[in-house]
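Below are the chains, spelled out letter by letter.
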Amino acid sequence: MKFRNFKMIGYVVYGRGSFNQLDEILAPQRKADAPMIFLVDHYFTGKPLVDRIPVRGNDKIIFADVTYEPKTTYVDTLAHQLKEEFGTVSGVIGIGGGSTMDLAKAVALMMNNPGSSADYQGWDLVKVPGVYKAGIPTLSGTGAEVSRTTVLTGPTKKLGMNSDFTPFDQIVLDPELTKDAPVNQRFYTGMDCYIHCIESLEGTYLNEFSKSYGEKALQLCRDVFVNKAEWDDDCDDKLMMASYAGGMSIAYSQVGVAHAVSYGLSYLLGTKHGIGNCIVMNHLEEYYPAGVKEFKYMVEKNKIDIPTGICKNLTEEDFNKMMDVSLGMKPLWENALGKDWEQIMTREKLRALYDKL
Ligand code: NAD
Ligand code: ZN
């Protein structure tokens, strides 16, 4: 057996108000005449956070349009514009949810790698380090702040630039930044973490490394979505650490059925990651009985709407496309159902599951 040797993020700062240290953190990374690029979730346009960004010299703030989840064409356009305008940059700092953080990772890589980001969708295809990159989450749950991938929708597939050059050099975990997230969005993204944990803890790939982080993340999710009467600052603190630990847990394990099925939805219908996982999880009693029961309790307790009937007007061709995408996620299925997963998850069975959504 060969054990995977993981590249981790470089530096981590955690704490309420730690965003205020950003200027100091970035100072040693600045190169003469090469600006820092702040890629900021468009939600923050005109919000007070923008005035707190430590802009110096020719630094630039770009508001990231995350109406849709990141596409390779968007990454390429951003990287191309920056190269045209500045030649090179000192770094790319992503401030936002999973979408913005993934965009920042990908743009930083594409500043130094030739061609299109679509050429690097896969495992270990990136050969040259990108420019310095930092991630600052404003939503908690995806684990994108610690992961070695960046999920992109390309011309033919939805797949990350998964490589040793992908993890951030620095992350700034300031729970204050997640304070104003809308209740539904906070839940969907938080459930991404919860579902990651269930899938990895119940998966066949699990080892003690992943279990240790996964159990902690699961407990933190429960603290905030099951045990707390009202949302407070403590919940933001905890969910941010749940996301971090959940991301660390995935390093050695894998996600499972909810993610594999939800990828099909997102590819065909553009369903966003967090909500897509929730739509699927709602119907997975057969695979994760205890997790689904608790999930439904959390939905009710937090008064969240989970859409239903999203597949009802689809054609046979649509279903086939979704199933192709989903069944293509082999490691996810193998983690969930074991080596013989293909005998268990037949096309008929998967079709019946999509029909229920
Ligand atoms: P998101 O980044 O797509 O943002 C969702 C919405 O929340 C957007 O409208 C955004 O503007 C808004 N928003 C963000 N922060 C806010 C705040 N503080 N207050 C108010 N609104 C705010 O959502 P997400 O769930 O964090 O990320 C999903 C993305 O992450 C998907 O593209 C998915 O593929 C990716 N992902 C990546 C990894 C990874 O390892 N790289 C893992 C899981 C998911
Ligand atoms: Zn996920």
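What you are looking at is a predicted structure, and each value in this text was computed from that prediction instead of being measured.

K.L.:
Explain the sheet that holds strand β5 (residues 122-123) to me, and be specific about the residues and the numbers.
P.N.:
The strands making up a sheet associate through backbone hydrogen bonding, with each pair oriented either parallel or antiparallel. Strand order in the open sheet formed by three strands is β5-β8-β7, with mixed pairing between adjacent strands. Among the strands making up the open sheet, the edge pair consists of β5 and β7 (151-153). Direction of pairing for β7 relative to strand β8 (residues 158-162): antiparallel, over a ladder of three bridges. The residue bridging Val-151 from the neighbouring strand is Gly-160, located in β8.

K.L.:
A description of the pairing of strand β6 (residues 132-137) should follow, citing residues and the corresponding values.
P.N.:
Strand residues, when the strand is regular, have side chains that alternate between the two faces of the sheet. Burial runs high along β6: six of the six residues are buried. Covered by surrounding structure in β6 are Tyr-132, Ala-134 and Ile-136 together with Lys-133, Gly-135 and Pro-137, the residues of both alternating faces. Where strand β4 (residues 91-96) lies against β6, six bridges are found, and the strand directions are parallel. Paired with Gly-96 across the two strands is Pro-137, which belongs to β6. The pairing of β6 with strand β9 (residues 170-173) spans two bridges and is classified as parallel. Paired with Gly-135 across the bridge in β9 is Ile-171.

K.L.:
For unusual backbone geometry, give the residues involved together with the corresponding values.
P.N.:
The phi torsion at Asp-33 lies on the positive side, around 65°, for a residue other than glycine. When you line up the elements, Asp-33 lands in the loop between α1 (22-26) and β2 (36-41). With a phi angle near 60°, Asp-124 is a residue other than glycine that sits in the positive phi range. Summarising the element assignment, Asp-124 is placed in the loop between β5 and β6.

K.L.:
Tell me about the coordination of the zinc ion (ligand 2), and name the residues and values.
P.N.:
Coordination of the zinc ion (ligand 2) by the protein comes from Asp-192 (OD), His-196 (NE2), His-259 (NE2) and His-273 (NE2), over a distance range of 2.1 to 2.3 Å. Angles of 89 to 169° at the metal separate the four donor atoms of the zinc ion (ligand 2), which places the site in the irregular class. As a motif over one chain, the donors of the zinc ion (ligand 2) read D-x3-H-x62-H-x13-H. With Asp-192 and His-196 both in helix α5 (residues 183-201), this residue pair falls four residues apart, about one helical turn. Accessibility classification places Asp-192 together with His-196 in one group, the buried group.

Definitions and cut-offs
Residues numbered from 1 in each chain as written. Chains lettered and ligands numbered in written order. Predicted model: local features only at pLDDT ≥ 70, side-chain atom pairs only at ≥ 80, totals over all residues. Heavy atoms only, no water. Pairing = 2+ DSSP bridges. Helix = DSSP H or I, 4+ residues; strand = E, 2+ residues; numbered from the N terminus. Buried < 20%, exposed > 50% of the residue type's maximum accessible area, 1.4 Å probe, protein only. Donors = N, O, S within 2.8 Å, 3.2 Å for Na, K, Ca; no water. Tetrahedral: all angles 85-135°; square planar, octahedral: opposite > 155°, others 65-115°.

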